[in-house]
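Given next are the chains, with one letter for each unit.
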Amino acid sequence: MLHLILFTGFGLVCVAGAVNLLVQRHPINSALSLVVVMGALAAEYLLLGAEFVAAVQVIVYAGAVMVLFVFVIMLLNAGEEERTQGSRVALLLGVPGLVVGSLLIAWVLIHRSGTEAVRVGALPGYPKAIAQLLFHDFLLPFEVTSILVLIAIMGAVVLAAKPSQVQQGKKEG
Amino acid sequence: MSIPIFIAASLIKIVITIVILLTAVAYSVWLERKVVGHIQNRWGPTRVGPFGLLQPLADGVKFLVKEDLTPPHVYKPLYIAAPMIAVTFALTSIAVVPIGNPVTIGSYAVPLQITDLNVGLLVILGVTSLGVYGVALSGWSSNSKYSLLGGLRASAQMVSYEIALGLSLIGVLIAAGSFSLREIVDAQGGHFWGIIPRWNIFHGQIIAFFIYLTAAYAETNRIPFDLPEAETELVAGYHTEYSAMKFAMFFMAEYANMITVACLATLLFLGGWHGPLFGPPILQALLPVFWFGVKVFVFMFIYIWVRGTLPRFRYDQLMAFGWKFLLPLAIANLVITAAVTVAW
Amino acid sequence: MIPLSYYLVLGGILFACGVAGFLIKRNIITIFMSIELMLNGVNLSFVAFAAHWHALSGQVFVFFVMVVAAAEAAVGLAIIIAVYRTRETLNVDQVNLLKL
């Protein structure tokens, strides 16, 4: 019973945050609703027993990636979104489409899949067990993702550098 | 324990912790003013009450009755929400900090901690990461150039030094084998060679301790890393446009962060509540809490001492120091700790 | 005891909101955030299935999704900054010509 109350509570917060992201006109409000969604998702992960994943979700996703989004929104400071022709069409077709799509997904999942239940903390995700998997079975993907992050860092620095610096390099080189 | 008793015990613990934390915040302000005053060869507050001990009360009343001015050019929703965010996250991370051995009241063993999570250390790191939002949003929503610059500088600094902070703690984790703060302290019990306690600072993590100290000063925006709120540079940085209670909330958040960092340093490096135990059982139950308090006080005193003594870093020096010196040093510490642990 | 399908429905609703945001919104950064929302919905499905099949690899895979999302966010935001610098707008309807 408590499980159902907690799940529904955090689930409603998730969905409210997602809908708020769509409804808000200023991107900073959308970014903050996304942070709320990620926090509520971390609580849902805790309900499933994945404690390490929940902590990493808060530290990495809500605490670093979204901070990056908020920085960019603050620096570019472009203001609220405008209503254009294209956006009105998208709204007229998109919102009913979204509702119909979600109801279809929900109906199919609830009626067709097996109704095995999942307990609170069904699969305890202890850091030790996850580390065993990460460094033994998934060692190659782990090393590849570290190279991926290095490439992403270099790419971001090059792409966001001021054009004058690049042209200076071309003039001298 | 059944659920209702657990909830009741948790509520009582929450109330006691919040009261103690807020009183500690108020009196750490008093301590700072007295200590910095004496370092600068003056008295500090002496008028309000004996030794100025009622000064925090006077300050609190002042903040409450001051006019709460909301400038017209701010972005109102975030302007009002940002100090609340800062204070909420500053007060949340104290929930996983244990202050003593479990105490037996009646027939229940009550751990002196609101919750003992398996991933307690990660929760504190996560809440620290979330605290950046309070600073960044307050700087931006104030719609003023000093605030924006101060907010951006402060948040960039906090995000950069979080990495060195987290990496310096991994050595401690390797030694203790768990993320739970209670187990990390329990792993520091006992002595080796009979006299020297097995605190992590004596047991090989001295460099990690200094990395943690430096990164903590940068995280809480204290001297020598307090350029984002330096008066001579940026008026008041990200809290320029705030007055009265909202400013008081930022103030409280900063000192609460300092106390949390001090508690964490005590737990991870200085052996938590371990100390000489003597006397009758009632005393033995309370002495660990006393030793914990003494160590936190020593750490806060070092914080204030450094504030009164050192000049501040320039911003580019600060960022270069964090990325080019502290981060490689933390990684080297981690590698050496891991190698020594495997080899031994 | 909650049926597994409830978790999947929640993940599906988040994914659908992400797709809707991607198609409806006109601001580049909001579109990017809808992508992150989709990834979060997928993460929830991964963790739910990991609990259902008692396989910890589901939770490990969530890490990889998070790392890839972080890398993609970094590079994507750098591209957005470069686009803003040249076009002076964040509205995708106005960034529709290769030549300025």
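Definitions and limits used
Residues numbered from 1 in each chain as written. Chains lettered and ligands numbered in written order. Predicted model: local features only at pLDDT ≥ 70, side-chain atom pairs only at ≥ 80, totals over all residues. Helix = DSSP H or I, 4+ residues; strand = E, 2+ residues; numbered from the N terminus. Buried ≥ 20, exposed ≤ 12 C-beta atoms within 10 Å, placed from the backbone. Contact = placed C-beta atoms within 7 Å. Rg over C-alpha atoms; globule rule 2.2 N^0.38 Å. Nonpolar A, V, L, I, M, F, W, Y, C, P; charged D, E, K, R; others polar. pLDDT = per-residue confidence, 0-100. Core = buried A, V, L, I, M, F, W, Y, C linked by C-beta atoms within 7 Å. Expected span 1.5 Å × (residues − 1). Axes fitted to C-alpha atoms, helices over the stretch in contact; angles between N-to-C directions. Parallel < 35°, antiparallel > 145°, perpendicular 65-115°, else oblique. Left-handed = near helix turned anticlockwise from the far one by under 90°.

Colleague: Now, about the overall build of chain A: what can you tell me, with residues and values included?
Modeller: For chain A, the helix and strand inventory stands at seven helices and one strand. Secondary structure elements of chain A, listed N to C terminal, follow the sequence α-α-α-α-β-α-α-α. Sorting the 173 residues of chain A into buried and exposed places 34% on the buried side. A sequence separation of at least 24 residues applies to 60% of the contacts in chain A between residues at least 6 apart.

Colleague: Could you give an account of the overall build of chain B, with specific residues and numbers?
Modeller: Regarding its fold elements, chain B presents 12 helices and four strands. Over its C-alpha atoms chain B spans a radius of gyration of 21 Å, differing by no more than 12% from the 20 Å that the globule rule assigns to 344 residues. Each principal axis of the C-alpha distribution contributes one length, and for chain B these read about 60 × 50 × 45 Å. Here chain B holds 344 residues, and the buried ones make up 42% of them. Across chain B, every contact between residues at least 6 apart in sequence was considered, and the portion connecting residues at least 24 apart equals 76%.

Colleague: Which residues make up the interface of chain B and chain A, and what are the values?
Modeller: Residue-level contacts link 13 residues of chain B with 14 residues of chain A. For the side of chain B that touches chain A, the secondary-structure elements that each account for two or more residues are α4 (120–130) and α5 (132–141) of chain B. Ranked by residues supplied to the side of chain B that touches chain A, first place goes to α4(B) with six residues. Among the residues forming the side of chain B that touches chain A, the class breakdown is 10 nonpolar, three polar and no charged.

Colleague: Talk me through the confidence of the model for chain B; I want residue IDs and the actual numbers.
Modeller: Residue and element names in this part refer to chain B. Averaged over all residues, the pLDDT of chain B equals 85, while 94% of them reach at least 70. At the low end of the mean pLDDT range in chain B sits helix α9 (residues 231–234), at 58; at the high end sits helix α8 (residues 206–219), at 92. For this predicted complex, the interface confidence reaches an ipTM of 0.92, while the overall pTM sits at 0.90.

Colleague: Residue-level account of the environment of B:R42, with values.
Modeller: Residues and elements named next belong to chain B. Position of R42 among the secondary structure elements: in the loop between α1 (3–39) and α2 (55–65). For R42, a count of 9 C-beta atoms within 10 Å gives the class exposed. Expressed as a C-alpha distance, the spacing of R42 and Y238, which sit 196 residues apart in the sequence, is 30 Å.

Colleague: Lay out the nonpolar core with the relevant residues and their values.
Modeller: Counting residues in each nonpolar core, the largest one holds 172 residues, and the members touching the most others are A:A31, A:L48, A:M66, A:V70, B:A86, B:Y212 and C:V47. A per-element tally of this core places helix α3 (residues 51–76) of chain A first, with 18 residues.

Colleague: Talk me through the arrangement of the chains; I want residue IDs and the actual numbers.
Modeller: Once contacts are tallied for each of the two pairs of chains in contact, the highest total is for chains A and C. No interface is formed between chain B and chain C, the nearest pair of C-alpha atoms being 15 Å apart.

Colleague: Explain the environment of B:N143 residue by residue, including any values.
Modeller: Residues and elements named next belong to chain B. One can find N143 in the loop between α5 and α6 (145–176). With 16 C-beta atoms counted inside 10 Å, the residue N143 sits in the partly exposed group. Sequence spacing of N143 and P72 is 71 residues, and the spatial spacing of their C-alpha atoms is 9.9 Å. The contact partners of N143, leaving out residues within four places of it in the chain, are H73, V74 and Y75.

Colleague: I'd love a proper account of the interface of chain C and chain A, names of residues and values included.
Modeller: Listed by partner, the interface residues are 60 residues for chain C and 73 residues for chain A. Listed by contribution, the elements that provide at least two residues to the side of chain C that touches chain A are β1 (2–3), α1 (4–24), α2 (28–53) and α3 (57–87) of chain C. Per-element tally for the side of chain C that touches chain A: the top contributor is α3(C), with 22 residues. The residue inventory of the side of chain C that touches chain A, partitioned by class, reads 46 nonpolar, 11 polar and three charged.

Colleague: Describe helix α2 (residues 27–47) of chain A, and please don't skip the residues or the numbers.
Modeller: Residue and element names in this part refer to chain A. In this model α2 runs 30 Å from its N-terminal to its C-terminal C-alpha over 21 residues, within 8% of the 30 Å that 1.5 Å per residue would give. Of all the 21 residues making up α2, 18 are buried; the element is thus mostly covered by neighbouring parts of the structure. At the exit of α2 stands G49, carrying a positive phi of roughly 95°.

Colleague: So, the packing of helix α5 (residues 127–136) of chain A against α3(C): which residues are in play, and what are the values?
Modeller: Helix packing for two helices is described by the angle between their axes and how far apart those axes are. Running from N to C, α5(A) and α3(C) point in directions that differ by 70°, and their axes come no closer than 10 Å. One finds that α5(A) runs roughly perpendicular with respect to α3(C). By crossing handedness, the relation of α5(A) to α3(C) is classed as right-handed. Two secondary-structure elements touch here, α5(A) through A:I130, A:L133 and A:L134 and α3(C) through C:S57, C:Q59 and C:V60. The residue inventory of the contact of α5(A) with α3(C), partitioned by class, reads four nonpolar, two polar and no charged.

Colleague: Pulling in residues and values, what's your account of the packing of α6(B) against helix α12 (residues 315–343) of chain B?
Modeller: Residue and element names in this part refer to chain B. With their axes 8 Å apart at the nearest point, α6 and α12 run at an angle of 15° to one another. With respect to α12, the axis of α6 lies roughly parallel. At the point where α6 passes α12, the crossing takes the left-handed sense. Looking at the contact of α6 with α12 residue by residue, the class counts come to 16 nonpolar, eight polar and one charged.

Colleague: How would you sum up α4(B)? Please name residues and give values.
Modeller: Counting buried positions along α4(B) gives 11 out of 11 residues, so the element sits mostly inside the fold. Within the span of α4(B), buried status applies to B:G120, B:L121, B:L122, B:V123, B:I124, B:L125, B:G126, B:V127, B:T128, B:S129 and B:L130.

Colleague: Explain the confidence of the model for chain A residue by residue, including any values.
Modeller: Averaged over all residues, the pLDDT of chain A is 85; the fraction at 70 or higher stands at 88%. Here helix α7 (residues 163–172) of chain A stands out as the element of chain A with the lowest mean pLDDT, 58, in contrast to α2(A), whose mean of 94 is the highest.

Colleague: Explain unusual backbone geometry residue by residue, including any values.
Modeller: Cis geometry marks the peptide bond from B:I223 to B:P224, where omega comes out at 10°. Among the secondary structure elements, B:P224 is positioned in the loop between α8 and α9. Phi at B:N143 takes a positive value of approximately 55°, unusual for a residue other than glycine. For C:E88, which is not glycine, the phi torsion reads 65° and is therefore positive. With respect to the element layout, C:E88 can be found in the segment after α3.

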